[in-house]
Amino acid sequence: MRNRSALVVSIAVIGALSLSACGSRDEKKAGDTAGGGSVTTLTIGVDAPLTGDLSALGLGIKNSVDLAVKQANEKNEVPGVKFQIKALDDTAKPAPGQQNATQLVADKSVIGVVGPLNSSVAQSMQQIFDDAKLVEISPANTGVALSQGEKWATGTKARPFKSYFRTATTDAVQGPFAAQYLFGEAKKTKVFLIDDQKTYGAGLAATFKGEYTKLGGTIVGEEHVNPDDRDFSAIATKVKASGAEAVYYGGEYPAAGPLSLQLKDAGANIPLMGGDGIQSGDFIKLNPKSQGDLATAVGLPVEQLPTAAKFIADYKAAGYTDAYETYGGYSYDSAWAIIQGVKAVVAANGGKVPDGARAKVVDAVQQISFDGVTGKVSFDEYGDTTNKQLTVYAVKDAKWAVEKTGTFKG
């Protein structure tokens, strides 16, 4: 839930700002335009965990946005506009995310934001960005209510925030897709369900459970853990005694890795399956017994997409020390969607950044459609990606290997 008192303060700050201008229009720097004329410098904000347990994913997000911005400037993608990034660390927690949102809104050069990683962090930011009419595109959020409202599960969908978009598909798709694979293809009819009680993990587990039981599968036990837990010995004993043929975990790799390892050490030699939050190389580093564990990820494997070949080569050539990880391609596409929104707004205003640019970019992003790193990039009436494809991965020989690609059949 959002902290209402904190939001009142944030909204008051926002209301005191003049948001009609974006950037400096009188900046003159050699090489910024073909004629060396005036340019407008616009900032694309990045909010992600840049330190802490989830920093592997967060740094991949930041670097991928950085690459998009550098390439936009090199190509002079928006004549008369130079882009830069401003990356802030939310440590995967809502309170810092809320503070970062207020800081990004206060910077009048910020024209859009890529992030955050976590759905729980997004909940603390959405109102602030929406009040400021500042576009936010997450490459990783999967919590359904963020875009379709709290009553989405009952069939009543209502978009809460016009400024919120995402290039990742939702848990309404990901959880059931995992259930169909685990029951129908892996032939696991008894599952022990565990989640970390966060927006992402709990939501993912709930959508998995709904589809799995509908298919005829049995949930033989359920447990809730804390994201910072690392001792799962008691749960491992319960799982072993339950007769479960698999564990489904709603949460992220810092806890999932040790959980899976302790399950195997306790004699429960069964696969642990989770969502995109565990599909990281760090999950395998944390769990030397992860062979056979499973994960779903949004979209198709970036490495197998012809559209992603250049991104992968360019990322490597840029010399980033951290991998682009699960959300790199989606982060690049999120940044490029903002850039394309700016391009449309500037072109419609005679080649200049207009007054009220933020609100105009929100409207432009809603209409964009282009071939990106991850495939066709466009958004539906809720701000959700129109790309509903997913992938099942399995750990084989200490690497995530593709098991299945497809589209959820609801």
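Cut-offs and rules
Residues numbered from 1 in each chain as written. Predicted model: local features only at pLDDT ≥ 70, side-chain atom pairs only at ≥ 80, totals over all residues. Heavy atoms only, no water. Helix = DSSP H or I, 4+ residues; strand = E, 2+ residues; numbered from the N terminus. Phe/Tyr/Trp six-rings, centres within 6.5 Å; stacked < 30°, edge-to-face > 60°. Lys NZ or Arg CZ within 6 Å of the ring centre and 35° of its normal. Buried < 20%, exposed > 50% of the residue type's maximum accessible area, 1.4 Å probe, protein only. Pairing = 2+ DSSP bridges. Right-handed = clockwise from strand over helix to strand, strands pointing away. pLDDT = per-residue confidence, 0-100. Contact = heavy atoms within 4.5 Å. Core = buried A, V, L, I, M, F, W, Y, C linked by side-chain atoms within 4.5 Å. Axes fitted to C-alpha atoms, helices over the stretch in contact; angles between N-to-C directions. Parallel < 35°, antiparallel > 145°, perpendicular 65-115°, else oblique. Left-handed = near helix turned anticlockwise from the far one by under 90°. Nonpolar A, V, L, I, M, F, W, Y, C, P; charged D, E, K, R; others polar.

A.B. asks: Outline unusual backbone geometry, listing residues and values.
C.D. replies: Between Gly115 and Pro116 the backbone carries a cis peptide bond, its omega angle lying at 0°. Along the chain, Pro116 turns up in the loop between β4 (110-114) and α4 (119-131). The phi dihedral of Asn76 falls on the positive side, at around 50°, and the residue is not glycine. Within the element layout of this structure, Asn76 appears in the loop between α2 (55-75) and β3 (81-89). The phi dihedral of Thr91 falls on the positive side, at around 50°, and the residue is not glycine. By the element assignment, Thr91 lies in the loop between β3 and α3 (94-106).

A.B. asks: Explain the packing of aromatic side chains to me, using residue names and the numbers behind them.
C.D. replies: Tallying each qualifying case throughout the model produces eleven aromatic pairs. Taken together through their ring pairs, the aromatic side chains of Phe311, Tyr315, Tyr320, Tyr324, Tyr332 and Trp336 make up a single cluster. The ring of Phe165 is capped by Arg159, whose NZ or CZ atom sits 4.8 Å from the centre of that ring.

A.B. asks: For the pairing of strand β9 (residues 246-250), give the residues involved together with the corresponding values.
C.D. replies: Where burial is concerned, most of β9 is hidden: five out of the five residues are buried. By the alternation rule, side chains of β9 split into Ala246, Tyr248 and Gly250 and Val247 and Tyr249, which are all buried. In the sheet, β9 pairs with strand β10 (residues 272-274) via three bridges, with the strands oriented parallel. Directly across from Tyr248, in β10, lies its bridge partner Met273. Crossover β9 to β10 through helix α9 (residues 253-265) is right-handed.

A.B. asks: Can you explain the confidence of the model for the chain? Please cite residues and give values.
C.D. replies: Per-residue pLDDT for the chain has a mean of 91; in total, 90% of the residues score no lower than 70. Low pLDDT, under 50, characterises residues 1-36; the stretch is placed with 72 contacts to residues that sit more than four places away or in other chains.

A.B. asks: Break down the nonpolar core for me, with residues and values.
C.D. replies: Counting 80 residues, the largest nonpolar core has Phe83, Ile194, Val239, Tyr249, Ile278, Phe283 and Val342 as the members making the most contacts within it. Not counting residues up to four positions away in its chain, the partners in contact with Val342 are Leu42, Val78, Phe83, Ile111 and Val361. The next biggest cluster of nonpolar side chains, apart from the first, holds 22 residues, and it includes Tyr181, Met273, Leu294 and Ala394.

A.B. asks: So, the packing of helix α6 (residues 171-185) against helix α7 (residues 199-215): which residues are in play, and what are the values?
C.D. replies: Taken N-terminus to C-terminus, the directions of α6 and α7 make an angle of 45°; their axes are 7 Å apart at the nearest point. When the axis of α6 is compared with that of α7, the two are oblique. In terms of crossing hand, the pair formed by α6 and α7 is right-handed. Of the residues in α7, those touching α6 at Asp171, Ala172, Gln174, Gly175, Pro176, Ala178, Ala179, Gln180, Leu182 and Phe183 are Tyr200, Gly203, Leu204, Thr207, Phe208, Glu211, Tyr212 and Leu215. Considering only residue class, the contact of α6 with α7 consists of eleven nonpolar, five polar and two charged.

A.B. asks: Talk me through the sheet that holds strand β14 (residues 389-396); I want residue IDs and the actual numbers.
C.D. replies: Taking strand neighbours across the sheet as the criterion, the seven strands line up as β8-β7-β9-β10-β11-β14-β15 in an open arrangement whose pairing is mixed. The sheet is open, and its two edges are formed by β8 (218-224) and β15 (399-407), each paired on a single side. Across the sheet, the mean angle separating the axes of adjacent strands is 25° when strand polarity is ignored. As paired elements, strand β11 (residues 294-298) and β14 share five bridges and run antiparallel to each other. If you follow Val298 over to β14, its bridge partner there is Leu390.

A.B. asks: If you had to explain the pairing of strand β5 (residues 135-138) to someone new, which residues and values would you point to?
C.D. replies: The two faces of β5 match: Val135 and Ile137 on one face and Glu136 and Ser138 on the other face are all buried. Sheet topology note: the β4/β5 ladder contains three bridges and is parallel. Each residue of the ladder has a partner; that of Val114, found in β5, is Ile137. Read as a crossover between parallel neighbours, the route from β4 over α4 to β5 is right-handed. Relative to strand β6 (residues 164-166), β5 runs parallel, the two sharing three bridges. Its bridge partner being in β6, Ser138 is matched across the sheet by Arg166.

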